[in-house]
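Examination of the molecular architecture
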Amino acid sequence: MIERVMGRNENGSEGIRQVNAASEPAANRTLSGNPTENATTGRQAEKTGPAMITAQNIAISYPGVKNGPAVIQDINLSIRDGSIVSLIGPSGCGKSTLLKAIAGLVPPAKGRMDIAGVTPQEAAQRRLVGLVFQEANLLPWKTALDNAAFLLQVSDKSIPANEARERAAENLRLVGLGEALTKLPSQLSGGMRQRASIARALTLNPQILLMDEPFGALDAITREEMSYLILDIWERTGKTIVLVTHSIDEAVLLSHEVHVMGVKPGRIVCSITVPLAFPRNSQSFADPRFRETEILLRDRLIESHGRPRQAS
Ligand SMILES: Nc1ncnc2c1ncn2[C@@H]1O[C@H](COP(=O)(O)OP(=O)(O)OP(=O)(O)O)[C@@H](O)[C@H]1O
């Protein structure tokens with residue numbers, strides 16, 4: 001059977017190619033598959049490495065609510081090295097809490113978390129993890145360059161200031177701010193400030209980038225541009241990226257895998273593998289599998305809000 005699949009042709013160019021589905025190895029064919037739940041399959045998944053982040057039976061309670069129900073519980077997760085994974089779910093289900101646990105900022109009450117073979121706290125000490133939040137949180141009196149260099153300078157005194165600034169400048173160029181090195185945050189747009197905060201995280205050269213609703217405060221077009229920026233950074237650096245988002249489109253466009261979380265208790269209710277080839281771009285939206293995955297995710301999200309699915 002001949003199938004037409006999206007991906008790289010033999011000459012390396014991107015496009016539709018025809019394959020003999022019967023003779024092509026399964027791992028090379030899965031680009032034409034449907035979104036799958038609770039399984040990691042597909043050529044794009046195969047390109048990623050072994051587990052970078054694992055969580056086993058994680059439960060978290062915050063101080064003061066220790067005797068109350070856990071904010072999140074029974075979290076089991078395996079995130080592969082070099083993959084992009086999204087967490088999506090109703091407000092308050094614990095997406096940020098899970099991200100903070102990966103970052104070593106919140107200790108689990110139960111279970112085991114492993115980041116690149118060490119505990120989250122050790123991973124944080126070794127600067128294996130970089131964080132980007134919804135607010136850029138730049139220091140208003142420092143230029144984009146000084147802001148991007150700052151975290152590295154304070155966290156590693158052995159790195160000479162000029163080297164930290166060189167690394168910061170390189171990352172500012174990577175995020176498209178090469179012309180704005182000397183600008184203050186007040187002279188940057190919201191999207192530019194967020195680019196600077198991404199450059200600041202990248203300057204630490206983490207293996208993992210954790211992003212908590214990084215584009216939540218941006219307009220729709222800037223938000224889409226930022227998605228392409230993340231894809232570009234990922235293509236160039238191969239970092240493992242964990243993204244918290246409320247946008248189904250963003251989750252589908254960017255992710256190898258999307259974990260849908262539910263409430264009471266906060267937990268992962270299903271995991272969906274996105275069957276779209278990389279590199280992804282604006283044309284990915286036109287792929288019928290994009291829409292299929294979006295519908296599947298939307299249904300699971302409605303269920304995770306505790307609401308019945310509408311009959312179609
Ligand atoms: N520092 C804290 N102390 C006590 N409770 C907290 C703390 N931070 C979060 N919570 C509670 O934990 C639960 C999960 O919060 P969290 O911010 O992780 O959810 P979320 O899914 O990221 O929400 P949103 O989508 O609205 O950002 C909420 O009930 C919240 O009130």
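Shown above is the structure to which this text applies.
In this report, we go over the structure that sits alongside the text. Treat the numbers as computed from the prediction; the structure is a model and nothing was measured. (Residues numbered from 1 in each chain as written. Predicted model: local features only at pLDDT ≥ 70, side-chain atom pairs only at ≥ 80, totals over all residues.)

**Points about the sheet that holds strand β11 (residues 257-262)**
- Reading across the sheet, the 7 strands line up as β3-β12-β11-β6-β10-β9-β8 and stay open at both edges, with mixed pairing between neighbours. Looking at the sheet topology across the chains shown, the edges are occupied by β3 (36-37) and β8 (129-132).
- Of the pairings in the sheet, the one linking strand β6 (residues 84-88) to β11 comprises 4 bridges and is parallel in character. If you follow L87 over to β11, its bridge partner there is H259.
- Those strands touched by helix α3 (residues 95-102) are β6, β8, β9 (208-212), β10 (240-244) and β11, and its axis lies near 150 degrees from that of β10.
- Each of β8 and β9 is contacted by helix α7 (residues 190-203), which is oriented at about 170 degrees to β8, the strand it contacts most. (Pairing = 2+ DSSP bridges. Helix = DSSP H or I, 4+ residues; strand = E, 2+ residues; numbered from the N terminus. Contact = placed C-beta atoms within 7 Å. Axes fitted to C-alpha atoms, helices over the stretch in contact; angles between N-to-C directions.)

**Digging into unusual backbone geometry**
- Of note, the bond from K264 into P265 is cis; its omega dihedral lies within 30 degrees of zero at -5 degrees.
- The residue P265 is located in the loop between β11 and β12 (267-273) in this model.
- A cis amide bond, omega 0 degrees, links F278 with the succeeding residue P279.
- Along the chain, P279 falls in the loop between β12 and α10 (288-304).
- A positive phi angle, near 55 degrees, is found at R127, a position not held by glycine.
- Take R127: it is sitting in the loop between α4 (120-125) and β8.
- With a phi close to 50 degrees, K264 is a non-glycine residue in the positive phi region.
- Looking at the element boundaries, K264 is found in the loop between β11 and β12.

**Regarding the pairing of β8**
- Burial of the side chains of β8 extends over both faces: V129 and L131 are buried on one face and G130 and V132 on the other.
- In terms of strand pairing, β8 meets β9 through 4 bridges, oriented parallel. Within β9, the position partnered with V132 by the bridge is M211. (Buried ≥ 20, exposed ≤ 12 C-beta atoms within 10 Å, placed from the backbone.)

**Focus on the packing of α7 against helix α8 (residues 220-237)**
- In the contact formed by α7 and α8, the axes pass within 10 Å of each other and the chain directions differ by 25 degrees. Judged by the angle between their axes, α7 and α8 are roughly parallel. At the point where α7 passes α8, the crossing takes the right-handed sense. Mapping the contact onto sequence places G191, Q194 and R195 in α7 and T222, E225, M226 and L229 in α8.
- Of the residues contributing to the contact of α7 with α8, the split by class is 2 nonpolar, 3 polar and 2 charged. (Parallel < 35°, antiparallel > 145°, perpendicular 65-115°, else oblique. Left-handed = near helix turned anticlockwise from the far one by under 90°. Nonpolar A, V, L, I, M, F, W, Y, C, P; charged D, E, K, R; others polar.)

**Observations concerning helix α6 (residues 161-174)**
- For α6, which comprises 14 residues, the first-to-last C-alpha distance of 20 Å matches the rise-based estimate of 20 Å (1.5 Å per residue) to within 8%.
- When we look at burial in α6, the residues that qualify are A164, A168, N171 and L172. One face of α6 carries all of its buried residues, which in axial projection span an arc of 105 degrees.
- In this fold, the buried residues of α6 make contact with α5 (144-155) and α7.
- In the stretch just after α6, G176 is the one whose phi turns positive, near 85 degrees. (Expected span 1.5 Å × (residues − 1). Arc of directions from axis to C-beta.)

**Focus on the site of the ligand**
- In the vicinity of the ligand there are 10 residues, among which Y62, S91, K95, S96 and T97 approach most closely.
- Residue composition of the shell around the ligand, by class: 4 nonpolar, 5 polar and 1 charged. (Near = placed C-beta within 6 Å.)

**Section: the packing of α5 against α7**
- At a closest axis distance of 7 Å, the pairing of α5 and α7 adopts a crossing angle of 35 degrees. Every pair of crossing elements has a handedness; the one defined by α5 and α7 is right-handed. In this structure, α5 uses A144, N147, A148, A149, F150, L151 and L152 to contact α7, whose residues at the interface are A196, A199, R200 and T203.
- When its residues are assigned to classes, the contact of α5 with α7 shows 8 nonpolar, 2 polar and 1 charged.

**Looking at the sheet that holds strand β4 (residues 51-60)**
- With antiparallel pairing, 3 strands are arranged side by side in an open sheet as β5-β4-β7. Edge positions in the open sheet fall to β5 (72-80) and β7 (110-115), since each of these has one partner strand only. Sheet twist, expressed as the average angle between the axes of neighbouring strands with direction ignored, equals 10 degrees.
- Relative to β5, β4 runs antiparallel, the two sharing 6 bridges. Looking across to β5, one finds that I53 is bridged to I79.
- The strands that α3 touches are β4, β5 and β7; relative to β4, the one it contacts most, it runs at about 120 degrees.

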